[in-house]
Amino acid sequence: MIKNYFKIAIRQIRKQKMYAVIKVGGFAFSIAACLLIALYIRDELSYDKSWPDANRIFRLVGEYNDNGTDVTQPTWPAPMAKALKSDFPEVELSGRLMPGSLMGAGTAEIRRADQAENSYEDKITFADQQMLDMFKLPMIYGDRSHALTNPLTMVISKSKADKYFPGQNPVGKVMYLNDDKTRPYTIGGVMQDMPATTHLQYNFLLTLTGIEFGKGEQNNWSYFNYPDYLLLRPGADAKKVEKKISAGIIKNYLLPQMMRDGVKDAASKASKFSLVLQPVTDINLYSDGIDDGLSHGDIRFVWLFGAVAGFILIIACINFINLSTAKSANRAKEVGLRKVMGSYRSGLIQQFLTESLLYSFLSFVIGLLLAWLLLPYFNNLSGKSLTIPWDTLWLAPVVLISAFVVGIAAGLYPAFYLSGFKPVQVLKGTLSAGSKSSVLRNGLVVFQFTTSVILIISTFVIYNQMNYILNKKVGFDKDQVVVIQGTNTLADKNVKAFKNELQKLASVKSVSISDYLPVTGTKRDGNTFFVDGRSNLDAGVFGEFWQVDDTYLKTLGMKLVAGRNFSYDMSNDTAGKTIIINQTLAKKLNLKNPVGARITNGSTFTVIGVVEDFNFDTMHDQIGPLALHFGLSPSLVSVKISGTDIKNTLQSIAATWKKFAPDQPIRYTFMDESFANMYADVQRMGHIFTTFAILAIIIACLGLFALSAFMAEQRSKEIGIRKVLGASVSGITTLLSLDFVKLVVLAIVIASPIAWWGMDKWLQGFAYSQPVAWWVFAVAGLTAVIIALLTVSFQSVKAALMNPVKSLKSE
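Basis of the calculations
Residues numbered from 1 in each chain as written. Predicted model: local features only at pLDDT ≥ 70, side-chain atom pairs only at ≥ 80, totals over all residues. Heavy atoms only, no water. Helix = DSSP H or I, 4+ residues; strand = E, 2+ residues; numbered from the N terminus. Contact = heavy atoms within 4.5 Å. Areas by Shrake-Rupley, 256 points an atom, 1.4 Å probe, with all protein chains shown as cover. Core = buried A, V, L, I, M, F, W, Y, C linked by side-chain atoms within 4.5 Å. Buried < 20%, exposed > 50% of the residue type's maximum accessible area, 1.4 Å probe, protein only. Axes fitted to C-alpha atoms, helices over the stretch in contact; angles between N-to-C directions. Parallel < 35°, antiparallel > 145°, perpendicular 65-115°, else oblique. Left-handed = near helix turned anticlockwise from the far one by under 90°. Nonpolar A, V, L, I, M, F, W, Y, C, P; charged D, E, K, R; others polar. Phe/Tyr/Trp six-rings, centres within 6.5 Å; stacked < 30°, edge-to-face > 60°. Lys NZ or Arg CZ within 6 Å of the ring centre and 35° of its normal.

Chemist: Requested: an account of the overall build of the protein chain, with residues and values cited.
Modeler: In terms of regular secondary structure, the protein chain is built from 24 helices and 24 strands. The contacts in the protein chain between residues at least 6 apart in sequence include a share of 79% that link residues at least 24 apart. If you sum the accessible surface of the protein chain, you get close to 37,300 Å²; carbon and sulfur atoms cover 58% of it.

Chemist: An account of the nonpolar core is needed here, citing residue identities and associated values.
Modeler: Nonpolar side chains in soluble globular proteins generally cluster together in the buried interior. Ranked by internal contacts, the top residues of the largest apolar core, which has 119 residues, are F449, W546, F675 and F692. W546 has contacts with Y516, L517, P518, R524, Y552, F614, F616, L626, A627, L628 and H629, leaving out every residue within four places of it along the chain. In this structure, A127, V155, M191 and L231 belong to the second largest nonpolar core, which totals 24 residues.

Chemist: Could you give an account of the packing of helix α3 (residues 80-87) against helix α6 (residues 238-260), with specific residues and numbers?
Modeler: When two helices pack together, their arrangement is given by the angle between the helix axes and the distance between those axes. Where α3 contacts α6, the axes come no closer than 11 Å and their chain directions differ by 120 degrees. Relative to α6, the element α3 lies oblique. α3 and α6 meet at a crossing whose hand is right-handed. Counted together, M80, A83, L84 and D87 of α3 and I245, I249 and Y253 of α6 form the full contact between these two elements. Here the residues of the contact of α3 with α6 sort into six nonpolar, no polar and one charged.

Chemist: Explain the side chain of K499 to me, and be specific about the residues and the numbers.
Modeler: Along the chain, the position of K499 falls in helix α14 (residues 492-503). Residues contacting K499, with those up to four places away along its chain left out, are V511, I513, D549, D550 and T551.

Chemist: How would you summarise the packing of aromatic side chains if you had to cite specific residues and measurements?
Modeler: Per the counting criterion, the structure on display carries 25 aromatic pairs. Consider the rings of W221 and Y253, whose centres lie 4.5 Å apart with planes at 15 degrees: the pair is stacked. With W221 in the loop between β11 (204-207) and β12 (226-232) and Y253 in helix α6, this residue pair connects regions lying 32 residues apart in the sequence. Every member of this aromatic cluster is reached through a ring pair, and the members are F476, Y516, W546, F614, F616, F675 and Y679. Here the basic side chain of R96 rests over the ring of Y226, its NZ or CZ set 4.8 Å away from the ring centre. The ring of F675 has K478 lying over it, and the distance from NZ or CZ to the ring centre is 4.8 Å.

Structural data, given as structure tokens:
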């Protein structure tokens, strides 16, 4: 019997080739999209789950809530890790990282001690020995338990060991960071490369043993610089330990330090603070609002892409249901005759479900092939390096089960619908009229286009916001600014000489030395500021504290709204006693006449100028308080150039660099590119939405094309009579197209408020955004109507041009 079912199913596919191609094609493309999104979601959900004790490892996070103002931070004072281990017996291990731009962390120029040429490297962090023990990092060379115990030791990844010491065991070898020969680092071990699915993307671990970032810093509870991790003992209740740690650390360490620092209402402020244990497996997807400087995903995107995949699959299933029910008249006589000959309804249901399963399995095979072909494009789109796990045992069963479930789900309604025909109605010929119109079929078409229009509107809004971000006045000039990296390998004296030589170039307008730039990936330094003399009276204002030179404002096109700039001719400036603040800091400190005021962050400064507010973080956040002080931070040199002959200007800059650093290749970026890269996630989201919007429209239009062809076929005699009676081609085309256009217009009406609500929620994540404009809905709606018209018009015009003799000769 099953063999017979398959024979009939194959016969139906051969008989209705166009409809079969549309069913299978729509299914296959939707399945390919679902498979790609499933790979993406699987990758996102797998982060940090490969560590042996992943379920017992946590990151310590601090939460502060004051009158609705929520601040979440992942960094802690240097003594925190030691206190966690000594004060709480439930903690088996605790350790610190220090990825900030200090003493070689973050990025550095690195070389072997026996070679002259430097190489640029990133993914560098300081780390405790306990971090190796906690994560049980697999080692290629060296003893993990002692790899970072001695001062000035480092652990490098296998890929970097192969780069610098090919074919060798590098343990015991020496490397220099930033040409600092006073701090030679000995390699204590070589670890396996970090897995792609971890937030710990580091190639160099520098020991924290014997390190002090400032006098007394290792025992000071005032400076929050270290992300802390802890491993709980087996069986420990994380929630109970969290409460215990929060209460104990605040009472014994943080509150006493606040009181020593003279913080006003220290007890009240401490009561609004809590410590939270964040599972290491949650860091990738559940760190929204935590400024940890890491690149991680967002659980909302995972849900969003999962929903998109689901809707695309539903659209394809709708095509199958629509075409199956629309073609019911063509199968009606078959069903009627089978029932007259003694077939049971259950047998007919099995027949139609067999056809559905055959379509589903064919679609899954083709969809899997399409997913493999489209995977490189999708990787480029999503910024991933995904692969289809052909070698895993679970892939084939999952694909087969999915094909079975989708086939049954898509074919269930058509099977019951088609098998329910009554032989008397069928053989009398009264059924075909009922197949011309279907409330369910129209509802499914509306659902398809509602989904498509939502995706189109979302795409327009995302690109509109991206265009707004990239063209908004941000308070500084990011165009034609070349940022030269790795200049800290030059001595301070040579950096200044390099700056002077660059300023002599005719195409160079201005040059500045500073590691602090208004783009991500550059140095940051958070401080708390008070008006001098009021630190015991007022709440402090937390803001950034940047070190800049006298040409910083000019090079970046920043505007002073009051006071003056820094100058080497002013002794107070060179002595580090003056400061320039932004408008936000002046406002937060209630300084009505800021110039001449004195503020303190531990050291006391006189305000000599106020700079106009500029965006120094992404536009997800409001402009924060900022202070600039005079000095050299020599890792980056920014060069403002004229835009007339960029190629020759860059060659001149490179030639000048070669004079000062013959053993170090020049590295530079353009600031406008770095600024755009701050919004790579938004751009990526826009590209993904565009791709899936196009796919959804294509699948929906495939179904619409087939339906319009069928409706034209069903109404062929009506069209013939109308033509005989004098109807025009345009009139018949309009008649056949109008019903479908009405459905698309209804879909636009339903989709518009849903899309507005979703995009308005998304835009709330930006401190600076454009509201959703009316024209977005108009353009999206017009696009959907035009696409639908083009789709159905082909069949409508074809039917209208047909010779009426052909359709009427049987009458």
